[in-house]
Amino acid sequence: MSIDGINRRGFLECMAWAGTGMAYAMAGGVARAAKLESAAGVAPADFSFVQISDSHIGFNKPANSDVLGTLQTAVDKINKLDREPAFVVHTGDISHLSKPEEWDAADSIIRTAKAGKIFFLPGEHDVLTDNGKSYLDRYGKDTKGDGWFSIDSNGMHFVGLVNVLNLKAGGLGNLGREQLEWLEKDLKAQKSDTPIAVFAHVPLWTVYQEWGWGTEDGLQALSYLKRFGSVSVLNGHIHQNIRKVEGNITFHTACSTAFPQPEPGSTPSPGPMKLPAEQLRRALGLTAVSYKTGNSQLAIMDSNLESNNSQTVEIKIDNFAFNPGSLAVTTGSKVSWTNHDDIPHNVISTNKLFASPVLDTGETFSHVFENAGEYPYYCSIHPKMTAALTVK
């Protein structure tokens, strides 16, 4: 499995500023991106959950002097979803300096989210003192070791990992032998056709080693996931959306609710990136995910904190099908089709309003829909492949 990095071109192809968080729709095993507030436009799902990350409560520098306000906006968006998510998971850096008053302030907002349950994982900013004991005292109930856990819900298995303790020189995340042994045992109890979602703060794959954006022993953890048909790995830490698909594994990183960071390698070092005030909320976000029983993948929808309703949506071409086959989006949305089959396909508007070139494996075509209407389309190479978009 080749997952130890991406080149700059690959980064630019899969990275998108999204913002407020991520809503995950578990449906058909296909990961796709759309606006959180438009999650209802995705094909019906059996359940959904939301990821938020990197709230950095206590941060008050020019990159964002109101991190409580942007976190509140993220939670407000969760609470406006048409359907209450099964759970919300915060994937770390709840606080900026591991201070109790920062966690108090964060909790006063996060725990108002309308969701079945709320789970937390630590970021390195949450374990700056006493090797994470204060974090565990507050958030570690019903977890193992340093705060890792697993749960089952609606036919899926979820795993939360901790990779921000005992960091090595160079800053890469680290899981450690004890946690890896626990993970191997935990996954052995699952059938290979069970959809798996794995959460951790630092990406389990190496996004950019020079900045410590990866996990030193992540490959060992990922080796335990090879036998499963559908795996989604959802991380934070880097404050921007990057998506990568390697075989059965979809990797996805969430935006921060506090401040963006630069693209890997684009500046001498990572850190809070100051944007013009009118652009900040466009670069902050959350992620919603939904799942439908019988499907093999999650539907992943990124949403930014800006108030407009435009979307960024991904449709997967796989097994001679467009997935999702029916989707509703808002005007101004950008829709991308990526070919995951081993043979070429294309995307052709039935009404001749857009047409892709031939897409080889891994290639993507995108189109922005400026006008409302019905947009049926098909693959002219394999005409039985049909689907439709509704733009509202």
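To start, this report covers the structure provided alongside it. What you are looking at is a predicted structure, and each value in this text was computed from that prediction instead of being measured.

**What about the overall build of the protein chain?**
And step 1. When its secondary structure is counted, the protein chain shows 7 helices and 21 strands.
And step 2. Split into buried and exposed, the 392 residues of the protein chain put 57% on the buried side.
And step 3. The contacts in the protein chain between residues at least 6 apart in sequence include a share of 72% that link residues at least 24 apart.
And step 4. Element-wise, carbon and sulfur atoms account for 49% of the exposed surface of the protein chain, whose accessible area totals about 15800 Å².

**Describing the environment of Gly 212**
And step 1. Within the secondary structure, Gly 212 is located in the loop between strand 8 (196-200) and helix 6 (218-223).
And step 2. When the C-alpha positions of Gly 212 and Pro 270 are compared, they lie 9.6 Å apart, and in sequence the two are 58 residues distant.
And step 3. In this structure Gly 212 touches Gly 170, Gly 171, Leu 172, Gly 173, Val 202 and His 237, once residues within four positions along its chain are discounted.

**Considerations on the sheet that holds strand 14 (residues 312-318)**
And step 1. Spatially, the 4 strands line up as an open sheet ordered 15-14-17-19, and their pairing is mixed. Strand pairing shows two members of the sheet lacking a second neighbour, strand 15 (321-323) and strand 19 (364-369), which therefore form its edges. Neighbour-to-neighbour, the strand axes of the sheet open up by a mean angle of 25°, direction not taken into account.
And step 2. Here strand 17 (residues 333-339) runs beside strand 19; their pairing, made up of 6 bridges, is antiparallel. In the sheet register, Trp 337 faces strand 19, and the bridge partner there is Phe 365.

**Re the pattern of salt bridges**
In a structure, side chains of opposite charge can pair up when their charged atoms sit close to one another.
And step 1. Counting across every chain of the model gives 8 salt bridges.
And step 2. As a salt-bridge pair, Asp 107 and Arg 111 come within 3.8 Å of each other at their nearest N and O atoms.
And step 3. Here Glu 246 and Lys 244 are joined by a salt bridge, their closest N and O atoms 3.3 Å apart.
And step 4. Members of the salt-bridge network, linked through shared partners, are Asp 104, Asp 107, Arg 111 and Arg 138.

**Some points on the pairing of strand 21 (residues 386-391)**
And step 1. Burial along strand 21 is one-sided: Ala 387, Leu 389 and Val 391 are buried, while Thr 386, Ala 388 and Thr 390, pointing the other way, are not.
And step 2. Bridge count for strand 16 (residues 326-329) against strand 21 is 4 bridges, and the pairing is parallel. What sits directly across from Ala 328, in strand 21, is Thr 390.
And step 3. Across 6 bridges, strand 20 (residues 373-378) lies against strand 21 in antiparallel orientation. The partner of Tyr 378 across the bridge, within strand 21, is Thr 386.

**A few points about unusual backbone geometry**
And step 1. Of note, the amide linkage connecting Asn 323 to Pro 324 takes the cis form, showing an omega dihedral of 5°.
And step 2. Here Pro 324 is to be found in the loop between strand 15 and strand 16.
And step 3. At Ser 98, a residue that is not glycine, the phi angle is positive and equals roughly 60°.
And step 4. Looking at the element boundaries, Ser 98 is found in the loop between strand 4 (87-90) and helix 3 (100-110).
And step 5. Even without a glycine there, the phi angle at Phe 320 is positive, about 60°.
And step 6. Mapped onto the fold, Phe 320 is located in the loop between strand 14 and strand 15.

**Some points on the pairing of strand 14**
And step 1. In terms of residue burial, strand 14 counts as a mostly covered element, since 5 of its 7 residues are buried.
And step 2. Of the strand pairs in this sheet, strand 14 and strand 17 are connected by 6 bridges, and their pairing is parallel. When the sheet's bridge partners are listed, Thr 312 is paired in strand 17 with Lys 334.
And step 3. Sheet topology places strand 14 next to strand 15; 3 bridges connect them, and they run antiparallel.

**Focus on the environment of Phe 158**
And step 1. Looking at the element boundaries, Phe 158 is found in strand 7 (residues 156-160).
And step 2. For Phe 158, a relative accessible area of 0% puts it in the buried group.
And step 3. A sequence separation of 39 residues divides Phe 158 from Ala 197, and the C-alpha atoms of the two residues are 4.9 Å apart.
And step 4. In this view, Phe 158 contacts Phe 47, Phe 49, Phe 87, Phe 149, Ser 150, Ile 151, Ser 153, Ala 197 and Phe 199; residues no more than four positions away in its chain are not counted.

**Considering the packing of aromatic side chains**
And step 1. Enumeration over the complete set of coordinates arrives at 23 aromatic pairs.
And step 2. Between Phe 87 and Phe 199 the ring centres are 6.3 Å apart and the planes differ by 90°, which places this aromatic pair in the edge-to-face class. Taken together, the residues Phe 87 in strand 4 and Phe 199 in strand 8 connect sequence positions 112 residues apart. By the burial criterion, Phe 87 is buried, and Phe 199 matches it.
And step 3. Here Trp 211 and Trp 213 contribute two aromatic rings whose centre-to-centre distance is 5.0 Å and whose plane-to-plane angle is 80°, an arrangement assigned as edge-to-face.
And step 4. What links up through ring pairs into an aromatic cluster is the set Phe 322, Trp 337, Phe 354, Phe 365, Phe 369, Tyr 375 and Tyr 377.

Each value, and the rule that gives it
Residues numbered from 1 in each chain as written. Predicted model: local features only at pLDDT ≥ 70, side-chain atom pairs only at ≥ 80, totals over all residues. Heavy atoms only, no water. Helix = DSSP H or I, 4+ residues; strand = E, 2+ residues; numbered from the N terminus. Buried < 20%, exposed > 50% of the residue type's maximum accessible area, 1.4 Å probe, protein only. Contact = heavy atoms within 4.5 Å. Areas by Shrake-Rupley, 256 points an atom, 1.4 Å probe, with all protein chains shown as cover. Pairing = 2+ DSSP bridges. Axes fitted to C-alpha atoms, helices over the stretch in contact; angles between N-to-C directions. Salt bridge = Lys/Arg side-chain N within 4 Å of Asp/Glu carboxyl O. Phe/Tyr/Trp six-rings, centres within 6.5 Å; stacked < 30°, edge-to-face > 60°.

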